[in-house]
Amino acid sequence: MNYQNIINEIEDEIQVYFKEGKVADYIPALAHINPNQFAMSIKLLDGTSFNVGNTQNKFSIQSISKVFTFTLALQLYGRSLYKRVGHEPSGDPFNSLIQLEYENGIPRNPFINAGAIVTTDTLLSKYQDKSFDYILDFIRTSANDFTINYDKEVYSSELEHGFLNMALINMMKSYKNINNDLEKVIQTYFKQCSIEMNTEQLANSMLFLANHGVNPITNKVLINEAKAKRINSLMLTCGHYDASGDFAYKVGLPGKSGVGGGIVAIVPGKMSICVYSPKLNKQGNSLIGTKALELFTTKTGLSIF
Ligand code: GLU
């Protein structure tokens, strides 16, 4: 299949959607990003890559980081992690407080904010002040790129304006579902969200999920096969907040989005794909990114169904 032609076609076809959607502005450092960007990278298991748009341009990975921290926590704690965070879709916005109160401070899944904050808390219990370094090192290893870092401006901006996330962590603490110092946990969470990567680096970093937990380029085992299956399943059912059903319906692949405008999708046994376009739909997922992935699976027939 000629993937390069296909993604070139997609770049043409998504142009009409640039008038729709809105860049995330609740994090002020993200509000001034050029809204008219598009980049898409594909990485096959044999290392071949296909790119279109400005694939070198780095952006804030935001909630895509939740896949990495969930992988690390699942590795450390296995099934017992689910005592503190569930694995069901939430059907609610990414930063919703309501469900969390009804469900006694146990977040529905690790890909909504509350769930990711708990996941990060479990890493602090083991790695303490080294937690962020450990997360960053895992991402660098997965991507096989040791230049990856976080954006200090985005980090400070989230720290200054993250009132809802502060509310979430405080509520969970009141239900005894946070074990470490609140400031340290939230700082680590905001730092992981402010990591910046481009579409090529992100596609590389998730390739292990298309290959049963092993990075096929470096042969590093990042997680075992059974757990890689769980991570993909959760990406399919919970990767796009309250639009997870819609994404599964239209795209038919496991994926995870971030409010920075990135989406990563996995074609098991074949490839990882990353799309970037910063204008978001109402549920906080890249509008053009979702459209591009829908076009990709329609044109290639490469969905999991
Ligand atoms: N750092 C963002 C927040 O906590 C992540 C949200 C997202 O990417 O969906 O609000």
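Everything below is about the structure shown above.
Described below are features of the structure shown in this document. All values reported here derive from a predicted model rather than from experimental measurement.

**Some remarks on the sheet that holds strand β6 (residues 195-197)**
Taking strand neighbours across the sheet as the criterion, the three strands line up as β4-β6-β5 in an open arrangement whose pairing is antiparallel. Among the strands making up the open sheet, the edge pair consists of β4 (59-60) and β5 (149-150).

**Describing helix α8 (residues 163-174)**
If you check α8, its first and last C-alpha atoms are 17 Å apart, about what twelve residues at 1.5 Å a residue would give, namely 16 Å. By the burial criterion, the buried members of α8 are Asn 165, Leu 168, Ile 169, Met 171 and Met 172. In an axial view of α8, the angular spread of the buried residues amounts to 160 degrees, which keeps them on one side of the axis. Exposed residues on α8 whose side chains face more than 90 degrees from its buried face are Phe 163 and Ser 174. Packing partners of the buried residues in α8 comprise α4 (98-102), α5 (113-127) and α9 (182-193). Looking one or two residues past α8, Lys 176 carries a phi angle of roughly 60 degrees, positive in sign.

**Focus: the site of the ligand**
The environment of the ligand is formed by Tyr 26, Gln 62, Ser 63, Phe 94, Asn 113, Glu 158, Asn 165, Tyr 189, Cys 193, Tyr 241, Gly 258 and Val 259. A distance of 2.7 Å separates an oxygen atom of the ligand from a polar side-chain atom of Ser 63. Note that an oxygen atom of the ligand is positioned 2.8 Å from one of the side-chain N or O atoms of Tyr 189. Out of a free accessible area of 290 Å², the ligand has 99% covered by protein chains.

**Structural notes on the packing of helix α1 (residues 3-14) against helix α13 (residues 287-300)**
Contact geometry for α1 and α13: axes closest at 10 Å, N-to-C directions at 135 degrees. Of the possible angle classes, the one that applies to α1 and α13 is oblique. Judged by the twist between their axes, the crossing of α1 over α13 is right-handed. Here Tyr 3, Ile 6, Ile 7, Glu 9, Ile 10, Glu 13 and Ile 14 of α1 come into contact with α13, specifically with Ile 288, Lys 291, Ala 292, Leu 295, Phe 296, Lys 299 and Thr 300. In the contact of α1 with α13, the residues fall into nine nonpolar, one polar and four charged.

**Digging into the pattern of salt bridges**
Counted under the stated rule, the structure contains eight salt bridges. Here Arg 84 ties to Asp 121 by a salt bridge, and the two come within 2.7 Å at their closest N and O atoms. One end of the pair, Arg 84, is in the loop between α3 (65-77) and α4; the other, Asp 121, is in helix α5, with 37 residues separating them in the sequence. Note on accessibility: Arg 84 and Asp 121 belong to one class, buried.

**Here's the deal with the pairing of strand β9 (residues 271-276)**
For a regular strand, side chains alternate in direction, first toward one face of the sheet and then toward the other. Of all six residues in β9, six are buried, a share of seventy percent or more. The two faces of β9 match: Met 271, Ile 273 and Val 275 on one face and Ser 272, Cys 274 and Tyr 276 on the other face are all buried. Pairing between strand β2 (residues 39-44) and β9: six bridges, direction antiparallel. Note on β9: the bridge partner recorded for Lys 43 is Ser 272. As defined by bridge partners, strand β8 (residues 262-267) adjoins β9 across six bridges and the pair is classed as antiparallel. Bridged to Ile 266 within β9 is Ser 272. Linking β8 to β9, which pair antiparallel, is a turn of three residues; within it Gly 269 sits at a positive phi near 75 degrees.

**Here we look at unusual backbone geometry**
In most cases, non-glycine residues show a negative phi, while peptide bonds are predominantly trans. At Gln 62, a position not held by glycine, the phi torsion is positive, near 45 degrees. Inspection of the secondary structure assignment puts Gln 62 in the loop between β4 and α3. At Tyr 241, a residue that is not glycine, the phi angle is positive and equals roughly 55 degrees. Relative to the assigned elements, Tyr 241 resides in the loop between α11 (225-238) and α12 (244-250).

**Considerations on the nonpolar core**
Ranked by internal contacts, the top residues of the largest apolar core, which has 60 residues, are Ile 195 and Leu 209. Apart from residues no more than four positions distant in its own chain, Ile 195 is found in contact with Phe 59, Ser 60, Ile 61, Phe 132, Leu 136, Ile 139, Ile 148, Asn 149 and Tyr 150. Core analysis: the second largest hydrophobic core is formed by 28 residues, Phe 38, Ile 263, Ala 265 and Leu 293 among them.

**Points about α9**
An ideal rise of 1.5 Å per residue puts 16 Å on twelve residues; α9 measures up with 17 Å between its terminal C-alpha atoms. Within α9 the residues assigned to the buried category are Leu 182, Val 185, Ile 186, Thr 188, Tyr 189, Phe 190, Gln 192 and Cys 193.

**Topic: the sheet that holds strand β7 (residues 255-257)**
Taken in spatial order, the five strands of this open sheet run β3-β2-β9-β8-β7, and their pairing is antiparallel. Either end of the sheet is taken by a strand with one partner, and the two such strands are β3 (49-53) and β7. Strand-to-strand twist across the sheet, computed as the mean angle between neighbouring axes with direction ignored, equals 10 degrees. With five bridges connecting them, β2 and β3 associate as antiparallel partners. Looking across to β3, one finds that Ala 39 is bridged to Gly 53. Packing of α13 onto the sheet brings it into contact with β2, β8 and β9, and relative to β9 it is tilted by some 145 degrees.

Calculation rules
Residues numbered from 1 in each chain as written. Predicted model: local features only at pLDDT ≥ 70, side-chain atom pairs only at ≥ 80, totals over all residues. Heavy atoms only, no water. Pairing = 2+ DSSP bridges. Helix = DSSP H or I, 4+ residues; strand = E, 2+ residues; numbered from the N terminus. Expected span 1.5 Å × (residues − 1). Buried < 20%, exposed > 50% of the residue type's maximum accessible area, 1.4 Å probe, protein only. Arc of directions from axis to C-beta. Contact = heavy atoms within 4.5 Å. Near = heavy atom within 4 Å. Polar contact = N/O pair within 3.5 Å; in protein donor to acceptor, adjacent residues only side chain to side chain. Areas by Shrake-Rupley, 256 points an atom, 1.4 Å probe, with all protein chains shown as cover. Axes fitted to C-alpha atoms, helices over the stretch in contact; angles between N-to-C directions. Parallel < 35°, antiparallel > 145°, perpendicular 65-115°, else oblique. Left-handed = near helix turned anticlockwise from the far one by under 90°. Nonpolar A, V, L, I, M, F, W, Y, C, P; charged D, E, K, R; others polar. Salt bridge = Lys/Arg side-chain N within 4 Å of Asp/Glu carboxyl O. Core = buried A, V, L, I, M, F, W, Y, C linked by side-chain atoms within 4.5 Å.

These values are about where atoms sit, not about what they do.
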